[in-house]
Every structure is written in C-alpha cells, then in structure tokens.
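Reading the structure
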Amino acid sequence: MKKHCLIVLLVFLLPVFVTAQITPKSVMQNARRNCLAISNGKYELIRKFKFFSDRDTIVQVGEVVFEKNKADNLFALHFWLENKTDSFARFYDGKQMFTINHSEKNVIIDTARQNMINGIRGNMIGNYLSFSYTDTLPMRALDDTSYRPVFDAAYNNKDTLVIFIQLSGNNDSGEWIRWFFDAKTYYPIAKEVRLVNDNEVQYEHFFVTSYSFNKQENIKWLKSKKWPSTYTESYRKPYVPPALLANETIAPDWVAETVTGDSIRFTDQKAKLYLIDFWYRACGPCVKAMPHLQALHEKYKDKGLQVIGLNPYDYKDKDTQPFKDFLSRRSVSYTLAFITIQVAAKEYNVSGYPTFYLVDADRKIVHSDVGYHENLEEAIGEIISNYLDSH
C-alpha cells in the first residue's frame, strides 16, 4: 500500500517545537482515545468550501447535536444537523430521518435505509458529522515514519497542535488534510481538506467555534428538539437509482451545443462507434478520466471511433475565463458539448458521473459503465478494439 507522507505545517504565529515525545502518531492516538470517550456532544462550526468550478468561497454556519448509540447499525448515533445559513436541518432518531426546511415550512420523512444514507453521506450537510467527534480519526495514515516533529501554534485563541497529511501528489498538485487539535484536550477543533489539480483548487475548511461533550443537557436537548406543528409533513418514496440503458437499446437522439458554439445532432454523426462520456467540470473522477478518453480518441479515431463528452451542468460558465482555461490546460481534441439535465438523467438514466456509453453505428448500445477507475482506458479500449476489428 502506498504510504502517506506526513509533515507539519507552520501556521499563523511563530511556531514552537513541541517536546520530542509528541509525534503526529501520538497526537492522533490521544485525539482518537479522547473522542471515543465522548458519549454525546453539541458543537457549532463554520464551514468554508469551494468546488473546482466555483469562483467564490461559500460560507455556512452549522450546529450538530449527537448521542452515540452502538446498537444503531446505520450511523451508530442519533443526531440533529442544522445549516443555519440556509435554514435547513436533518434529524435522525434511529428509525426515521427528518429533513426540515424552515424557509418552506415543511418536513420530509425518510424511512428507507438507502434514502437515509444518501441524505447524509451523499449530501454536503452530512460533512458536518465528519468532523471526527463521531468518526474514526485516520490512524491508517500514520504508519509512515518519515514525518517531521509536530509544531504548535495559536488558532482561534487556543494553543493548537497542527498535523499536515499529504494524501497524494504534492502541494502544487495533489490532496492533503491539515488537522488542528486543542493542545490541552486533543479534541479536533479545525480541519482543512484541499485538492489541487492543474492550478485549480477545491477545498473544504471546518473550524469549531464552541463545543460541549458528555453533558446530560445535550441528550435532553436532542430528545426535545421539535419543529413547529404548523409545518407540513410528508413521506418520501424510497429512492431506486435507474438502471443504465441495456445493451441493444437504441440510444436516444439529442442536439447539443459544442464548446466552440456549433450545434451537433447525434443522428447526424457518421462514425462506426461512439464513446459518449457524461461529465462536468467539478466532478473529480470526470476530470481524471479525460486524459484516458483523449488517448482512446487519438488511438482509434482513424479506425472509426468518435468520442463525445456531454456536459449537463456547465453551460452557464462556458464563456467564462476559468472554464476556457480549464479546457486549454487539458488539450482535449475530442468533441465536448453541452446538453440538458433532462437528456442525461431522464433519457440516458445517468445518476452518477462519469457515465460512459459505447454506441454502434445503428445507435444501439454496446456497453455502459459508471465511474472512473485506474484501468478505465485499458478496459474500455479492449471493448473498442474488439468491436472495430470485427466490424
């Protein structure tokens, strides 16, 4: 397994060397031990984040109240999450999840397991829970002994221990996490995740403004928290993601605008085989797939393959300089075009990105796949090669 590289970051004020006995591993061990001793808690936080495609940082103020429950096989706790900035909250009592919209004065109730999982792990407000008072700290990242000593610094008026974990790449291109721990309690009080890809930055920064743990009033508050009786309540149907269009199905026609402003229609194209990629700019796996799609385009374009990237989300940014810079840095020469979400979701059953379809000259689907993986080029390339050699 590839080892993670741990170093310590100098932050804010002039740092002071911590005693030699304190290492990143010992800090994480102490933090994990103290967090596991927490049975309930309440904390307020500020979250700042920016996606690759955003120009501005989004700021949210949130609140979390939780009680751990080992018998709960879904989240192992009951909780209230509130995004105070957007007047939006989620409450999970161990049996149902309630999504409260204060602006619209309604409550949507989920009872289906997958709906509840998607409501937290597939939603930005669920990141409020990932702050590690209720989650496992990344001990797996501490096997590497090639780290430098821990530094301490002042952060939010607290003496703080700071650990920098390089997950991949380097500072110029890669992913890293920076943790801030209260030097007295070892509780995490801030966390920053940053992903740098080809001069573009995506990041998420949490910092806790107040917290209270192992207090009876937290449990009492959680159990008594209600919304006004005037709010409209309704049950959500279980979400079942649509299956991709089956092989031999006729691929729906579409009309799209290319990134150069031209209009193209699928049924007007004259290739032997089409590789259609549903993607968008802020999708990390989509961006990782682009060099592989370009390689397939260059290898098979003269044999009858046409690669088409269809983007349902970035049309509003098509004339902006950041989007133009994004495209120019990737040197993509296959067709990129904008289509509607209706085409992607309703006609091609796209529910995850990237989604790939191979379609033959008769517009029949030959192959479909979802998601990026390291052997994507090899796997799809083999199917393309076999098809073109036999037709």
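Just above, that's the structure.
Here the structure is a predicted model, which is why all the values come from computation and not from measurement.

Quick word on the state of the cysteines
Scanning the entire structure with this criterion turns up one disulfide. Disulfide partner of C283: C286, at an S-S distance of 2.4 Å. Judged by the sign of its S-S torsion, about 75°, the cystine formed by C283 and C286 is right-handed. The exposure class assigned to C283 is buried, which follows from its relative accessible area of 6%. For C286, a relative accessible area of 0% corresponds to the buried category.

So, helix α4 (residues 284-300)
Here α4 contains 17 residues, and its C-alpha end-to-end distance of 25 Å stays within 8% of the 24 Å for a straight helix at 1.5 Å per residue. The largest bend along α4 measures about 30° and falls at M290, with the proline P291 one to four residues further on. Those residues of α4 that sit buried are C286, V287, A289, M290, H292, L293, Q294, L296, H297 and Y300.

Examining unusual backbone geometry
Trans is the prevailing form of peptide bonds, just as negative phi is the prevailing case for residues other than glycine. With an omega dihedral of -5°, the bond running from Y353 to P354 counts as a cis peptide bond. In this fold, P354 is placed in the loop between α6 (341-347) and β20 (355-360). Backbone geometry places Y186, a non-glycine residue, at a positive phi of 65°. Locating Y186 in the fold gives a position in the loop between β11 (174-182) and β12 (188-197). Since its relative accessible area comes to 15%, Y186 is described here as buried. The residue N349 is not glycine, and still its phi comes out positive at about 55°. Note on placement: N349 falls in the loop between α6 and β20. By relative accessible area, which is 18% here, N349 ends up buried.

Comments concerning the nonpolar core
Ranked by size, the top nonpolar core spans 48 residues in total, and within it W254, L275, I276, F278, L310, Y348 and I384 carry the most contacts. Elements supplying a minimum of two residues to this core: β17 (273-278), α4, β18 (305-311), α5 (321-330), β19 (335-338), α6, β20 and α7 (376-390). With seven residues, α4 is the largest single contributor of residues to this core. Every residue in contact with W254, bar those within four places of it in the chain, is listed here: I264, R265, F266, I276, I308, L310, I339, V343 and Y348. Judged by nonpolar contacts, the second largest core, of 25 residues, contains I125, Y133, Y187 and F206.

Concerning the pairing of strand β6 (residues 88-92)
Taking burial as the measure, the five residues of β6 include four buried ones, the bulk of the element. As paired elements, strand β5 (residues 77-83) and β6 share five bridges and run antiparallel to each other. Considered in β6, the bridge of N83 is made with F88. In this structure, the hairpin formed by β5 and β6 is closed by a connection of four residues, where S87 is found at a positive phi of approximately 55°. Bridge count between β6 and strand β7 (residues 97-101): five bridges; the pairing is antiparallel. Across the sheet, the residue bridging to R90 is T99, located in β7.

What counts as what
The numbers attached to residues start from 1 for each chain and follow its sequence in the written order. A pLDDT threshold of at least 70 governs which residues receive local features in this predicted model, and a stricter bar of 80 or more applies before side-chain atom pairs are shown or counted, although totals over entire chains, interfaces and linings include all residues. The basis for every side-chain value is the complete set of heavy atoms in the structure, and neither hydrogens nor water enter the calculation. Throughout, a disulfide means two cysteine sulfur atoms within 2.5 Å of one another. Throughout, exposure labels follow a simple rule: accessible area from a 1.4 Å probe, protein chains only, divided by the maximum for the residue type, with under 20% read as buried, over 50% as exposed, and the rest as partly exposed. Only runs of H or I of at least four residues qualify as helices and only runs of E of at least two qualify as strands under DSSP, and these elements are numbered from the N terminus. Here, expected helix span is obtained from the residue count minus one, scaled by 1.5 Å. We define the bend at any residue as the angle between the axes fitted to the seven residues before and including it, ending there, and the seven starting there. To define a nonpolar core, start from buried Ala, Val, Leu, Ile, Met, Phe, Trp, Tyr and Cys residues and group those joined through side-chain atoms within 4.5 Å. Should any heavy atoms of two residues lie within 4.5 Å, those residues are counted as being in contact. Here, a strand pair is defined by DSSP locating no fewer than two bridges between the strands.

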